[in-house]
Amino acid sequence: MTKSRPTIAVRLTAPGRGAVATILVSGPLSLPAVASQFRPAGSPPLAERPLDQIAFGRWGGPEGEEVVACRRAAEQIEIHCHGGQAAARAILRDLCEAGCQENSWQSWIQQTEEGPLRAAARLALTQCRTQRTAGILLDQYQGSLDTAIRQVIQAIEQSDQIAAQQLLDTLLGWAEFGRHLVNPWRVVLAGPPNVGKSSLINALVGYHRAIVYDQPGSTRDAVSAETAIDGWPVQFTDTAGLRTKAVELEAAGIAHTQANVATAHLVILVRDAREEHAEWDHGLDSLPERVLRVSNKCDLTDSLVQTESLAVSALTGQGIAELLEQIGSRLVPRTPLPGEAVLFEHSQGKALEQAVGMLNKRRFSDATRLLKRFVTTAQTPDLINEV
Ligand SMILES: Nc1nc2c(ncn2[C@@H]2O[C@H](COP(=O)(O)OP(=O)(O)O)[C@@H](O)[C@H]2O)c(=O)[nH]1
Ligand SMILES: [Mg+2]
């Protein structure tokens, strides 16, 4: 029976350069496969060493790569080698020749974690960029979402449709938020050329990323810079000036700007504080809930800017802290409680919406079946680079 179970070899560390690469060998052949190449520096052989004892040695012979091996469980061994691509690849090749199957760390997580939601949360954790988002994903990894879905199933099975509906509504209320645990919120800075959009991005992210030139309209391509505001990942995109009459050279950039603005979670409309009567809208008035107005270069004027906009100076830093605060509260108006269930993948929201539809049609057993599948069957992760 053991024979049919494969022994897998997985590179656990990220590909690319690093100080150390870690390979996990797991399964019935782990000891013989590793022992076929690993020569510990002293006695005893690896098989006779206690679990978790670190063994230094060489791989493949007396002149081979220096590695450290460690038995982590009866059928699990970790090999730590130099972090370049070559060493790990050679070891994996040798392990495959000794009967192991190479596996990706993603499918290893999916196969070994208890339940698909736990696996998905663990995969998502590798993609998130801030401690705050990681904390929320860790809650899901530890079972918040799984428990919440099981409560919905229980409510349906007890014919408490109202409770089931309420639980689903609460969960779905976090769907949009949850997608940003991995994918940053996108904020676009728009406005006429030379008002200081690029300078503002530099001031907001605290490092020089966007291109600032003295010539109006010199940002023809969108330039992005990532930062975290209050622990939330945010990507700022700088755009070519929004103008009605486009100079030909900039036309492509302006089309790009409009596309960026259309898909942004928040648009910061920037104008020069000295130009009190400058037009704001650029056709964006239809999106008031997504627009934040800013009057930049307030260091150059004494006259107070209208209350509808926030006075800032990219040059002196005046108003930047307040702008960051406003951006944060516009993007994330409310946050989940510690331990609260949060959906974190697009497909999860879709599945729960489907369950709501079934409940509305009184298809209770279909809804239960769907939700049971949700907590027991692996789904394709859709979190990576989803736009
Ligand atoms: N005095 C002052 N100058 C600024 C400020 N922000 C930007 N500038 C200057 O205005 C010019 C245009 O800035 P830039 O960021 O390239 O504008 P953009 O075309 O809107 O991206 C540059 O010379 C900046 O140094 C500010 O707050 N105060
Ligand atoms: Mg610019």
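Heads up: the structure comes first, above all this text.
All of these numbers come straight from a predicted model, not from anything done at the bench.

### So, the environment of Trp-185
Tracing the sequence through the fold places Trp-185 in strand β8 (residues 185-190). Trp-185 sits 49 residues away from Val-234 along the chain, and the two C-alpha atoms are 4.8 Å apart. Setting aside residues up to four positions removed in sequence, Trp-185 forms contacts with Phe-177, His-180, Trp-232, Pro-233, Val-234, Gln-235, His-265, Leu-331 and Val-332.

### Focus: the sheet that holds strand β10 (residues 232-238)
In space, the six strands of this open sheet follow the order β9-β10-β8-β11-β12-β13, with mixed pairing throughout. Of all strands in the sheet, those bounded by a partner on one side alone are β9 (223-229) and β13 (310-311). Where β9 lies against β10, seven bridges are found, and the strand directions are antiparallel. Across the sheet, Glu-226 pairs through a bridge with Gln-235, a residue of β10. Strands in contact with helix α9 (residues 197-205) are β8, β9, β10, β11 (266-272) and β12 (291-296); relative to β10, the strand with the most contacts, it is inclined by about 160 degrees.

### Examining helix α13 (residues 364-376)
Spanning 13 residues, α13 covers 18 Å between terminal C-alpha atoms, matching the ideal 18 Å at 1.5 Å per step. Listed as buried for α13 are Ala-367, Thr-368, Leu-370, Leu-371, Phe-374 and Val-375. Looking straight down α13, one finds its buried side chains confined to an arc of 165 degrees; they lie on one side. Opposite its buried face, α13 presents the exposed residues Arg-369 and Thr-376, each directed more than 90 degrees away. Against α4 (116-125), α6 (144-157) and α12 (346-360) lie the buried residues of α13.

### Quick notes on the environment of Gln-326
With respect to the secondary-structure elements, Gln-326 resides in helix α11 (residues 320-331). Given the relative accessible area of 28%, Gln-326 is considered partly exposed. In sequence terms Gln-326 and Leu-310 are 16 residues apart; their C-alpha atoms lie 9.5 Å from each other.

### Section: the site of ligand 1
Near ligand 1 you find 18 residues, and of these Asn-194, Lys-197, Ser-198, Ser-199 and Asp-299 are the closest. A total of 580 Å² of accessible area belongs to ligand 1 in isolation, and the protein chains cover 86% of it. Of the residues assigned to the shell around ligand 1, the class counts are eight nonpolar, six polar and four charged.

### Section: the pattern of salt bridges
Under the defined criterion, the tally for this structure stands at 14 salt bridges. Of the charged contacts, one joins Arg-122 and Glu-113 as a salt bridge, the two residues approaching to 2.6 Å between their closest N and O atoms. For Arg-122, a relative accessible area of 28% gives the class partly exposed. One salt-bridge network, held together by shared partners, links Asp-52, Arg-72 and Glu-78.

### Some remarks on the packing of aromatic side chains
Tallied over the full model, the rule gives four aromatic pairs. Between the aromatic rings of Phe-177 and Trp-232, the centroid separation amounts to 5.4 Å while the plane-to-plane angle is 80 degrees, which identifies the pairing as edge-to-face. Of this pair, Phe-177 sits in helix α8 (residues 175-179) while Trp-232 sits in strand β10, placing them 55 residues apart in sequence. Between Trp-185 and Trp-232, the ring centres sit 5.9 Å apart and the planes meet at 75 degrees, which makes this aromatic pair edge-to-face. Here Trp-185 is found in strand β8, whereas its partner Trp-232 is found in strand β10, with 47 residues between them in sequence. The class for Trp-185 is buried, based on a relative accessible area of 4%. Residue classification places Trp-232 among the buried residues on the basis of a relative accessible area of 4%. When the ring centre of Tyr-141 is taken as reference, the NZ or CZ atom of Arg-118 above it lies at 4.1 Å.

### Quick look at unusual backbone geometry
For residues besides glycine, phi is generally negative; the peptide bonds are generally trans as well. For the peptide bond that leads from Ser-43 to Pro-44, omega is -5 degrees, which places it in the cis range. Along the chain, Pro-44 falls in the loop between β3 (38-40) and β4 (54-59). Not every positive phi belongs to a glycine, and Asn-194 is a case in point at roughly 75 degrees. Its location among the elements puts Asn-194 in the loop between β8 and α9. Judged by relative accessible area, Asn-194 falls into the partly exposed class, the value being 39%.

About the cut-offs
- Residues numbered from 1 in each chain as written.
- Chains lettered and ligands numbered in written order.
- Predicted model: local features only at pLDDT ≥ 70, side-chain atom pairs only at ≥ 80, totals over all residues.
- Heavy atoms only, no water.
- Helix = DSSP H or I, 4+ residues; strand = E, 2+ residues; numbered from the N terminus.
- Contact = heavy atoms within 4.5 Å.
- Pairing = 2+ DSSP bridges.
- Axes fitted to C-alpha atoms, helices over the stretch in contact; angles between N-to-C directions.
- Expected span 1.5 Å × (residues − 1).
- Buried < 20%, exposed > 50% of the residue type's maximum accessible area, 1.4 Å probe, protein only.
- Arc of directions from axis to C-beta.
- Near = heavy atom within 4 Å.
- Areas by Shrake-Rupley, 256 points an atom, 1.4 Å probe, with all protein chains shown as cover.
- Nonpolar A, V, L, I, M, F, W, Y, C, P; charged D, E, K, R; others polar.
- Salt bridge = Lys/Arg side-chain N within 4 Å of Asp/Glu carboxyl O.
- Phe/Tyr/Trp six-rings, centres within 6.5 Å; stacked < 30°, edge-to-face > 60°.
- Lys NZ or Arg CZ within 6 Å of the ring centre and 35° of its normal.

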